[in-house]
Amino acid sequence: MSKNKWNQRRYQELLDLHKAISLLSLEEISAVLVDRLPSILSIHYFTLFIYDKDKRTLNLMCHNRPDIESSFSLALSSSPVMEAAILSGKYILEQSFIDSKYNQKSDSKFFEKDYFATIPLKIEKEIVGVLNINDGEQVSFNVSNLDFVLKLSEFISMTVSNAILYEKTKRLSVTDGLTGISNRINMEQVLQSEFERSIRYHSPLSVVLLDVDHFKVVNDTYGHQKGDEILVALASLLQTFCRANDIAARYGGEEFLMILPQSNA
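Please read these numbers as outputs of a predicted model, since none were measured by experiment. (Residues numbered from 1 in each chain as written. Predicted model: local features only at pLDDT ≥ 70, side-chain atom pairs only at ≥ 80, totals over all residues. Heavy atoms only, no water.)

### What to know about the overall build of the protein
The condition is simple: Numbering of helices and strands runs from the N terminus; a helix is a DSSP stretch of H or I covering at least four residues, while a strand is a stretch of E covering at least two. To sort residues, take the accessible area from a 1.4 Å probe on protein chains only and compare it with the maximum for the residue type: under 20% means buried, over 50% means exposed, and anything in between is partly exposed. Contact between two residues is taken to exist if any of their heavy atoms lie within 4.5 Å; hydrogens are not considered.
Helix and strand content of the protein: seven helices and nine strands. Burial status across the protein gives 42% buried among its 265 residues. Restricting the contact set of the protein to residue pairs at least 6 apart, pairs at least 24 apart contribute 55%.

### Some remarks on the pairing of strand E1 (residues 43–52)
Cut-off, in case you're wondering: Strand pairing follows a simple DSSP-based rule, namely that at least 2 bridges must link the two strands.
In terms of burial, E1 is largely enclosed, as seven of its ten residues are buried. In terms of strand pairing, E1 meets strand E2 (residues 57–63) through six bridges, oriented antiparallel. Following the sheet pairing, Ile50 is matched in E2 by Asn59. Connecting the antiparallel pair E1 and E2 is a turn made up of four residues, with Arg56 showing a positive phi of about 55°.

### With respect to the sheet that holds strand E8 (residues 247–252)
Convention followed: Fitted lines through C-alpha atoms give the axes, limited to the stretch in contact for helices. The angle between two N-to-C directions lies from 0 to 180 degrees.
Strands sit in the order E7-E9-E8 across an open sheet of three strands; the sheet is antiparallel. Both edges of this open sheet fall to strand E7 (205–211) and E8, since each of them pairs with a single strand only. Ignoring which end each strand starts from, the neighbouring axes of this sheet average 20° apart. As paired strands, E8 and strand E9 (residues 255–261) are joined by five bridges and run antiparallel to one another. Bridge pairing in E9 places Ala249 opposite Leu257. Strands in contact with helix H5 (residues 184–201) are E7, E8 and E9; relative to E9, the strand with the most contacts, it is inclined by about 30°. Relative to E9, helix H7 (residues 224–240) is tilted by about 5°, and along the sheet it contacts E7, E8 and E9.

### A closer look at unusual backbone geometry
The phi angle at Glu124 is positive, at roughly 55°, despite the residue not being glycine. Of note, Glu124 is situated in the loop between strand E5 (116–123) and strand E6 (126–136). For His202, which is not a glycine, the phi torsion comes out positive at approximately 55°. Relative to the elements of secondary structure, His202 occurs in the loop between H5 and E7.

### Digging into the pattern of salt bridges
Inclusion rule: When a carboxyl oxygen of Asp or Glu lies within 4 Å of a side-chain nitrogen of Lys or Arg, that pair is called a salt bridge.
Applying the stated rule across the entire model yields nine salt bridges. Between Asp67 and Arg65 there is a salt bridge; the shortest N-O distance is 3.2 Å. Between Lys216 and Asp220 there is a salt bridge; the shortest N-O distance is 2.8 Å. Of this pair, Lys216 and Asp220 are both found in helix H6 (residues 215–222), four residues apart, which corresponds to roughly one turn of the helix. The class of Lys216 is exposed, set by a relative accessible area of 60%.

### Points about the side chain of Asn183
What counts is decided by this rule: The term polar contact refers here to a pair of N or O atoms within 3.5 Å; inside protein, the definition further demands a hydrogen-donor-capable atom paired with an acceptor-capable atom, and it admits residues adjacent in sequence only when both atoms are side-chain atoms.
Mapped onto the fold, Asn183 is located in the loop between helix H4 (143–172) and H5. Among the polar contacts listed, one links the side chain of Asn183 to the backbone nitrogen of Asn186, at a separation of 2.9 Å. For Asn183, the contacting residues outside a window of four places in its chain are Leu172, Ser173, Val174, Thr175, Asp176, Ala249 and Arg250.

### Some details on the nonpolar core
Which entries qualify depends on this criterion: Nine residue types can take part in a nonpolar core, namely buried Ala, Val, Leu, Ile, Met, Phe, Trp, Tyr and Cys, and a core is a set of them joined through side-chain atoms within 4.5 Å.
Counting residues in each nonpolar core, the largest one holds 29 residues, and the members touching the most others are Leu33, Leu37, Leu41, Phe46, Leu48 and Ile156. Listed by contribution, the elements that provide at least two residues to this core are helix H1 (3–20), helix H2 (26–41), E1, E2, E5, E6 and H4. For this core, the leading source of residues is H2, giving seven residues. Setting aside residues up to four positions removed in sequence, Leu33 forms contacts with Leu17, Ile21, Pro38, Phe46, Leu48, Cys62 and Ile156. Counting 18 residues, the second-largest nonpolar core is a separate cluster that includes Leu58, Val81, Phe97 and Tyr102.

### Describing the environment of Ala75
Mapped onto the elements of the fold, Ala75 is located in strand E3 (residues 73–75). Residue classification places Ala75 among the partly exposed positions, given a relative accessible area of 38%. Along the chain, Ala75 and Asn59 lie 16 residues apart, while their C-alpha atoms are 8.9 Å from each other. Residue contacts for Ala75: discarding those within four places in its chain leaves Arg56 and Thr57.

### Examining the packing of H6 against H7
The cut-off we apply is this: Each angle gets one of four labels, with under 35 degrees taken as roughly parallel, over 145 as roughly antiparallel, 65 to 115 as roughly perpendicular, and the rest as oblique. Throughout this entry, Asp, Glu, Lys and Arg are counted as charged residues, while Ala, Val, Leu, Ile, Met, Phe, Trp, Tyr, Cys and Pro are counted as nonpolar. The remaining residues, Gly among them, count as polar.
Viewed as axis vectors pointing N to C, H6 and H7 meet at an angle of 135°, and their least axial separation amounts to 7 Å. Our classification of the angle between H6 and H7 gives oblique. Listed contacts from H7 to Phe215, Val218, Asn219 and Tyr222 of H6 are His224, Lys226, Gly227, Ile230 and Leu231. Of the residues in the contact of H6 with H7, the class split is five nonpolar, three polar and one charged.

Below you can see the structure in the form of structure tokens.
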């Protein structure tokens, strides 16, 4: 194949993948990447982690390795190669993992014996994740290969960032900003739905309404920040006792409500 045709094919692959992953769901994006990325890049293995800057953790979004779990999180400091790539904002490419300074036990499950590249996924200066590619069909990895991967990583970064923002916005629309449990608007919709279901199937439905006693005294004595901490703690406690179909919601102020389908008094 001539170099011009090879470049055209790769450019078309970029467009096709970009079109395929221009979705709003991280789950759908993951499925497309697992299906197409190894073939497009002529690699055997890849892992893609989302970076949580606040918690300094890496959350596995997708991969095609048979020897690691479907999803898990790890501290940034536990992976020297990914930590170096994220903190520097620059890719890391080495031709032999065995001879690399990053060949440590903590990283061994993500890489094989051959070359590896770790590429931070960036939107402007913001790091959204990291892509690891490894053990390809070529013996080594040259600059032209890397140039193509970097262009591809820009598409992936944009799509993943958009999906994260969309899912965060969607989550915030139904959750209380302080406590993280359901907000009143979502609670009222769920309650209406569960009430109709209860009538239709003649099944029990219970609702628990509770509030925090003397909450104004707490705020006046210790300040609103301490009051907020109490609300967050109570919300967490309610959430802990919720079953899969139960809903804990902040009704307003210091009032909370629980919707308990299939439960009698």
